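# Architecture and fold: a report
Okay, here's what each chain looks like letter by letter:
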Amino acid sequence: MSPLDRRRFITRSLLTLGATGAAGAGAAAGILGAAGCSVASADSAGRIAARGRMLDGVAFDGPHQAGILTPAQPQATFVALDAVAATRDELRSALQALSFKARRLARGGRSLTGAADEPPTDCGTLGAVIAPDALTITIGFGASLFDDRFGLAALRPAVLTAMPAFATDELVAAHTHGDLLLQICAGQRDTVVHALRELMRAVHGSLELRWSIDGFQSAARGPSKHSSSRNLFAFRDGTSNPDASDAALMNRLVWMTAAGEGTPAWAVGATVQVVRVIRMNVEFWDRVGLPEQENMIGRVRESGAPLGGDSEFQDPRLDLDPKGARIPLDAHIRLANPRTDATDDQRILRRGYNYHRGFDAAGTLDQGLIFCAFNRDPARQFARIQKRLDHEPLADYVSPVGGGYFLVAPGTGGIEGYVGGGLFA
Ligand code: HEM
């Protein structure tokens, strides 16, 4: 979906579900009813309003996993896990448990309490009836999962390698790579936190934490309902992205569409997720004059328009500016996407989040971008872009400190399946 479609999705959901009173109660009943559970009637205006803020559900099952083309929900957590399962069967059970739990959580409904003398089967932090809230749980596998521990080496798609270190990277080992990555996104933070807790419980003893980071989208503050929200350098982010509703384009840029040439049959329908935790030196940035900031990006900060233009989604027409009179030759958008025939197949689908982790030991704000992008082949796409950006002026203001490459396996195909099932077929 294009950024426009993403925004429409969120706005539409909020509009549908945002009303209070009788209409709000009906809308809330609609979401929960769709979840196939019995609907508790709202017993106070407060409860109706609280439910009314929840977003519609997103299906967990399908040919591709959710959370890739899905419009970016406001809240996210990325969790990298290492497999400590003792055997291949134990790993398979953990993957089955992940999908089973993720499917239930995404559908929502009445939470199960379990047997009277057992701990409740749901921790209960969202109450007895769970709204889907657009929850998506996207499961990826790092190259390290395909080592010799679980007999999976022959099944690693050739495009999946460990993320290399790029020229200006300051990668911290404890925040980089991982056997698995869970991307958990939803409308509300408590939905994400609840899902994380339930998923970790489901895989206890088989998968353990390696690193995690929480992200958020800045609120949509206009001026138009299509305007992109801002990153923490205050520029609109997500303006120029391949159109996710164009299936042929997604097949070209995002999905592995056929077996052969290094793609095993089980991986058809997969994509490679690139996650880069990029710290942004915001105090340093805030001391830079606005024209210099805009030249570094190549866009006007307030409107998001390409320099010299007047609206956000206008084509920057780099072809009409070959000497960089309007948009400098080393501007971020020009290097990231030169818009030439030769670079057309290098494009990626970005789906990033802002992060704020408080302060570091020196009292400096620890803020940045969880850069997240999906592509068929990171060597052909992401890495080529990153190499062009290695020495851009913006590089002085950012430090990539973690992340990794993860193969987002194909979708389950249906409720009988589980993500990664093809590895054990
Ligand atoms: C903290 C680091 C970064 C910041 C602050 C940043 C900021 C931006 C901004 C403000 C835009 C223009 C609006 C838009 O089209 O979304 C943009 C575009 C873009 N960025 Fe970044 N970016 C960062 C890192 C990266 C990285 C690591 C890559 C890939 C290696 C990347 C690839 C792109 C691409 C492909 C575009 C679209 C260019 C176009 O088609 O015009 N960015 N970025």
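What comes next is a walk through the structure. (Residues numbered from 1 in each chain as written. Predicted model: local features only at pLDDT ≥ 70, side-chain atom pairs only at ≥ 80, totals over all residues. Heavy atoms only, no water.)

## Notes on the overall build of the protein
Counted only if it meets this: A run of H or I in DSSP counts as a helix once it spans at least four residues, and a run of E counts as a strand once it spans at least two, with each numbered from the N terminus. Per-residue accessibility, obtained with a 1.4 Å probe over protein chains only, is compared with the maximum for each type, and a residue is labelled buried under 20%, exposed over 50%, and partly exposed between these values. Whether two residues are in contact is decided by their heavy atoms: any pair within 4.5 Å suffices. For every accessible area listed, the method is Shrake-Rupley and the probe measures 1.4 Å; residues are considered covered only by the protein chains on display.
Scanning the protein from terminus to terminus reveals 10 helices and 11 strands. A burial count over the protein gives 51% of its 425 residues as buried. Within the protein, counting contacts between residues at least 6 apart in sequence, those at least 24 apart form 77% of the total. When the accessible surface of the protein is split by element, carbon and sulfur atoms take 55% of a total near 18,200 Å².

## Here we look at the site of the ligand
Counted only if it meets this: Residues are classed as near a molecule or strand on a simple rule: at least one heavy atom within 4 Å of it. In protein, a polar contact requires one atom able to donate a hydrogen and another able to accept it; more generally it is a pair of N or O atoms within 3.5 Å, and residues adjacent in sequence count only if both atoms are side-chain atoms. Classification convention: Asp, Glu, Lys, Arg as charged; Ala, Val, Leu, Ile, Met, Phe, Trp, Tyr, Cys, Pro as nonpolar; all other residues, Gly among them, as polar.
What surrounds the ligand is a group of 25 residues, the closest being Gly238, Ser240, His332, Asn337 and Arg350. Between an oxygen atom of the ligand and a main-chain N or O atom of Gly238, the distance comes to 2.6 Å. Interatomic distance of 3.1 Å between a backbone N/O atom of Thr239 and an oxygen atom of the ligand. Elements represented by at least two residues in the shell around the ligand include exactly β7 (271–280), α9 (332–336), β10 (365–375) and α10 (382–389). Looking at the shell around the ligand, the element that brings in the most residues is α10, giving four residues. Each residue belonging to the shell around the ligand can be placed in one class, and the counts come to 13 nonpolar, seven polar and five charged.

## Quick notes on the environment of Arg53
Within the secondary structure layout, Arg53 lies in the loop between α3 (45–52) and β1 (75–83). The exposure class assigned to Arg53 is exposed, which follows from its relative accessible area of 51%. Sequence spacing of Arg53 and Gln188 is 135 residues, and the spatial spacing of their C-alpha atoms is 8.7 Å.

## Considerations on the pattern of salt bridges
Test applied: What counts as a salt bridge is simple: a side-chain nitrogen of Lys or Arg found within 4 Å of a carboxyl oxygen of Asp or Glu.
Inspection of the entire model under this criterion finds 19 salt bridges. With its nearest N and O atoms 3.0 Å apart, the salt bridge here joins Arg149 to Asp179. With Arg149 in the loop between β4 (136–141) and β5 (180–186) and Asp179 in the loop between β4 and β5, this residue pair connects regions lying 30 residues apart in the sequence. A salt bridge links Arg357 to Asp366; its shortest N-O distance comes to 3.2 Å. Given a relative accessible area of 35%, Arg357 falls into the partly exposed group. Here the salt bridges do not stand alone but share partners, grouping Arg252, Asp344, Asp345 and Arg347 into one network.

## Quick look at the packing of aromatic side chains
For any pair of aromatic rings, the description rests on two quantities: the centre-to-centre distance and the angle between the ring planes. The following threshold applies: In summary, the pairing rule links any two rings of Phe, Tyr or Trp, Trp by its six-membered ring, whose centres are within 6.5 Å, and it sorts them by plane angle into stacked for under 30 degrees, edge-to-face for over 60 and tilted for everything else.
Tallied over the full model, the rule gives 10 aromatic pairs. Seen from their ring centres, Phe235 and Trp285 are 6.2 Å apart, and the 75° between their planes marks the pair as edge-to-face. Pair noted here: Phe235 is in the loop between β6 (207–216) and α6 (247–253) and Trp285 is in helix α7 (residues 282–285), with a separation of 50 residues, a long-range link. Given a relative accessible area of 2%, Phe235 falls into the buried group. Given a relative accessible area of 1%, Trp285 falls into the buried group. Among the aromatic residues, those joined into a ring-pair cluster are Phe233, Phe235, Phe284, Trp285 and Tyr397.

## Details of helix α4 (residues 88–107)
What counts, and what does not: How far a helix is expected to stretch is found by multiplying one less than its residue total by 1.5 Å.
Under the 1.5 Å per step criterion, the end-to-end length of α4 is 29 Å for 20 residues, consistent within 8% with the ideal 28 Å. If you check which residues of α4 are buried, you get Leu91, Ala94, Leu95, Leu98, Ser99, Lys101, Ala102, Arg103, Leu105 and Ala106. Against β1, β4, β5, α5 (189–202) and β6 lie the buried residues of α4. Positive backbone phi, approximately 75°, marks Gly108, located one or two places after α4.

## As for the coordination of the iron atom of the ligand
Ideal coordination angles are 109.5 degrees for a metal with four donors arranged tetrahedrally and 90 or 180 degrees for a metal with six donors arranged octahedrally. For the record, the criterion: Nitrogen, oxygen and sulfur within 2.8 Å of a metal are treated as its donors, or within 3.2 Å for sodium, potassium and calcium (Na, K, Ca); water is not counted, so a site can appear incomplete.
When only protein atoms are considered, the iron atom of the ligand has one donor, His332 (NE2), at a distance of 2.1 Å. Along the chain, His332 turns up in helix α9.

## A word on the environment of Phe235
The spatial distance from the C-alpha of Phe235 to the C-alpha of Ile297 is 8.4 Å, given a sequence separation of 62 residues. Not counting the four nearest positions on each side in its chain, Phe235 is found in contact with Ser229, Arg230, Trp285, Gln293, Glu294, Ile297, Arg299, Val300 and Arg301.

## A few points about α10
Test applied: To obtain the arc, one takes the directions from the helix axis to the C-beta atoms.
Within the sequence span of α10, burial applies to Phe382, Ala383, Ile385, Gln386 and Leu389. One side of α10 carries all its buried residues, which in axial view fall inside an arc of 160°. Packing partners of the buried residues in α10 comprise β7, α9, β10 and β11 (398–408).

## What about the pairing of β5?
Keep this limit in mind: One bridge is not enough; two strands pair if DSSP finds at least two bridges between them.
Counting buried residues in β5 gives seven out of seven residues, a clear majority hidden from the surface. The alternating pattern of β5 places Leu180, Leu182, Ile184 and Ala186 on one face and Leu181, Gln183 and Cys185 on the opposite face, and all of these are buried. Pairing geometry for β1 and β5, over seven bridges, is antiparallel. Within β5, the position partnered with Val79 by the bridge is Leu182. One ladder, built from six bridges, connects β4 with β5; its direction is antiparallel. Paired with Thr138 across the strands is Gln183, a residue of β5.

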